[in-house]
Amino acid sequence: IRMASVSRILFFVVLVGVFIYGINFWLNNKTYTFDANSVAEISRKHVVTAKTAGHERAYRKVLDELRRRYPGHILPDADLQWVFVNAGGWMGSMCLLHASLTEYVLFFGTAVDTVGHSGRYWANISDTILTGSFRQWKEGTTDSQVFKAGDTIHHLAGDATSVQWSAGTWMVEYGRGFIPSTLGFALSDTVFGTNDFITLFYTFKVYFRALLLEASHYLIYLDDIGGQLKEFFEVAFTFTSRQAAVVADWSVNKASWLATVTAERFSLAADLTVKHTGNAVDFTVRKVQQASSYVRKVYADYTS
């Protein structure tokens, strides 16, 4: 029984190790749609707008530019929704713009002062501040750092920090990694603390819509690739058919020519054979006749 239990544990450990290795290999070798620098650059361009016209106006400009730069990857206005997020003791609100299994882009912020634990993720996360301030206290240090509008905060995979937002802090966030792994922390307080299952439903609904959008985008892409492959094979088949016809005609012509030449050669050989055979027969008959006459003459002379 003990050996069976040890075997099951070892099998489970190996299975987990293979899963982690496979996910890391995939994350390190796949192609991504967004990148942290581009999202931060777009966000910083509208910091002044956030200061003069408010964060909502700045968010609209960021949203429009993201749609122009990444067509088909940003949720339509009808699917955008501000949803509460309770995690690590802090409370904020997010508006998801894009999400897949390996990336997300969202607006995030808070209208009240809030503080708590950052969470430890299997993803790299960057936030560019449009308004307000954000304080970060990194693990293993005794000092905190304050970030203002226009700054970008980087939270690397595996890191843990203490985080604090001042009231009126609004930012643009980009995450890259194994995104489903972040949901445990992001939803923990909602499930076990606030028991706000309506917010939980909203979170899953918007994430599911984002996944559907991304899936439909790649299905269209695959359909386009399929059309191009179909066209390629049609052209290749037409070309191959033409070449095959040319080869067939050439083969028939060569075969016909070879047959004609062969027939002519056989006819000539037969004629030569008949001619030489006839000459040989005539020669042989003459020699036989001459020999016969000579023998008769010799016999006549001998008997006379």
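One can find the structure itself at the top, above this paragraph.
Small disclaimer: the values here were computed from a predicted structure and weren't measured. (Residues numbered from 1 in each chain as written. Predicted model: local features only at pLDDT ≥ 70, side-chain atom pairs only at ≥ 80, totals over all residues. Heavy atoms only, no water.)

Q: Before we go on, may I ask you to explain the side chain of Glu 214 in this structure?
A: Note on placement: Glu 214 falls in helix 6 (residues 197–303). The charged side chain of Glu 214 is buried without a salt bridge, its nearest counter-charge being Lys 30 at 7.8 Å. A distance of 3.5 Å separates a polar atom in the side chain of Glu 214 from a polar atom in the side chain of His 98. When residues no more than four places from it in sequence are discounted, the contact partners of Glu 214 are Thr 33, His 73, His 98, Ala 99 and Ser 100. (Helix = DSSP H or I, 4+ residues; strand = E, 2+ residues; numbered from the N terminus. Buried < 20%, exposed > 50% of the residue type's maximum accessible area, 1.4 Å probe, protein only. Lys, Arg positive; Asp, Glu negative; His and termini not counted. Salt bridge = Lys/Arg side-chain N within 4 Å of Asp/Glu carboxyl O. Polar contact = N/O pair within 3.5 Å; in protein donor to acceptor, adjacent residues only side chain to side chain. Contact = heavy atoms within 4.5 Å.)

Q: Even after reading the chapter, I still don't get the sheet that holds strand 1 (residues 82–87), so can you show me in this structure?
A: Hydrogen bonding along the main chain pairs the strands of a sheet, whether they run parallel or antiparallel. Pairing is antiparallel across the open sheet formed by six strands, whose spatial order is 1-2-3-10-5-8. The open sheet has two edge strands, strand 1 and strand 8 (152–155), and neither has a second partner. Averaged over all adjacent pairs, the angle separating strand axes in this sheet is 30 degrees, with direction ignored. Contacts between helix 2 (residues 36–44) and the sheet are confined to strand 5 (123–131), strand 8 and strand 10 (169–177), with strand 5 contributing the most and set at about 10 degrees to the helix. (Pairing = 2+ DSSP bridges. Axes fitted to C-alpha atoms, helices over the stretch in contact; angles between N-to-C directions.)

Q: Please explain the packing of helix 2 against helix 4 (residues 55–69) as it appears in this structure.
A: Each pair of packed helices can be summarised by the angle the axes make with each other and by the distance between the axes. The contact between helix 2 and helix 4 brings their axes to 9 Å, and the two run at 140 degrees. It follows from the interaxial angle that helix 2 and helix 4 lie oblique. Considering only the axes of helix 2 and helix 4, their crossing is right-handed. Across from Ser 38, Glu 41, Ile 42 and Ser 43 in helix 2, the residues of helix 4 making contact are Val 62, Glu 65, Leu 66 and Arg 69. Here the residues of the contact of helix 2 with helix 4 are counted per class, giving three nonpolar, two polar and three charged. (Parallel < 35°, antiparallel > 145°, perpendicular 65-115°, else oblique. Left-handed = near helix turned anticlockwise from the far one by under 90°. Nonpolar A, V, L, I, M, F, W, Y, C, P; charged D, E, K, R; others polar.)

Q: In this structure, what is going on with helix 5 (residues 183–194)? I would like to understand it.
A: Since the α-helix turns once every 3.6 residues, residues separated by three or four places project in the same direction. An ideal rise of 1.5 Å per residue puts 16 Å on twelve residues; helix 5 measures up with 16 Å between its terminal C-alpha atoms. Taken as a whole, helix 5 has its buried residues at Phe 185, Leu 187, Ser 188 and Thr 190. In the stretch just after helix 5, Asn 195 is the one whose phi turns positive, near 50 degrees. (Expected span 1.5 Å × (residues − 1).)

Q: How should I be thinking about a nonpolar patch on the surface in this particular structure?
A: A contiguous nonpolar surface patch, about 560 Å² in accessible area, is contributed by Ile 9, Phe 12, Val 13, Val 16, Phe 19 and Ile 20. For Ile 20, a relative accessible area of 35% corresponds to the partly exposed category. (Patch = residues over 30% accessible without salt bridge, like charges linked within 9 Å, V, L, I, M, F, W, Y side chains within 5 Å. Areas by Shrake-Rupley, 256 points an atom, 1.4 Å probe, with all protein chains shown as cover.)

Q: Just to check I follow, could you spell out the pattern of salt bridges for this structure?
A: Side chains bearing opposite charge may pair, as long as their charged atoms lie close to each other. Applying the stated criterion across every chain, the model contains seven salt bridges. We note a salt bridge from Arg 67 to Asp 77, for which the minimum N-O separation is 2.8 Å. In this pair, Arg 67 sits in helix 4 while Asp 77 sits in the loop between helix 4 and strand 1, placing the two residues ten residues apart along the sequence. Judged by its relative accessible area of 23%, Arg 67 is partly exposed. Among the salt bridges present, the one from Asp 79 reaches Arg 209, with a minimum N-O distance of 3.2 Å. Here Asp 79 is found in the loop between helix 4 and strand 1, whereas its partner Arg 209 is found in helix 6, with 130 residues between them in sequence. Given a relative accessible area of 32%, Arg 209 falls into the partly exposed group. Through salt bridges with shared partners, a single network forms among Arg 60, Asp 64, Arg 67 and Asp 77.

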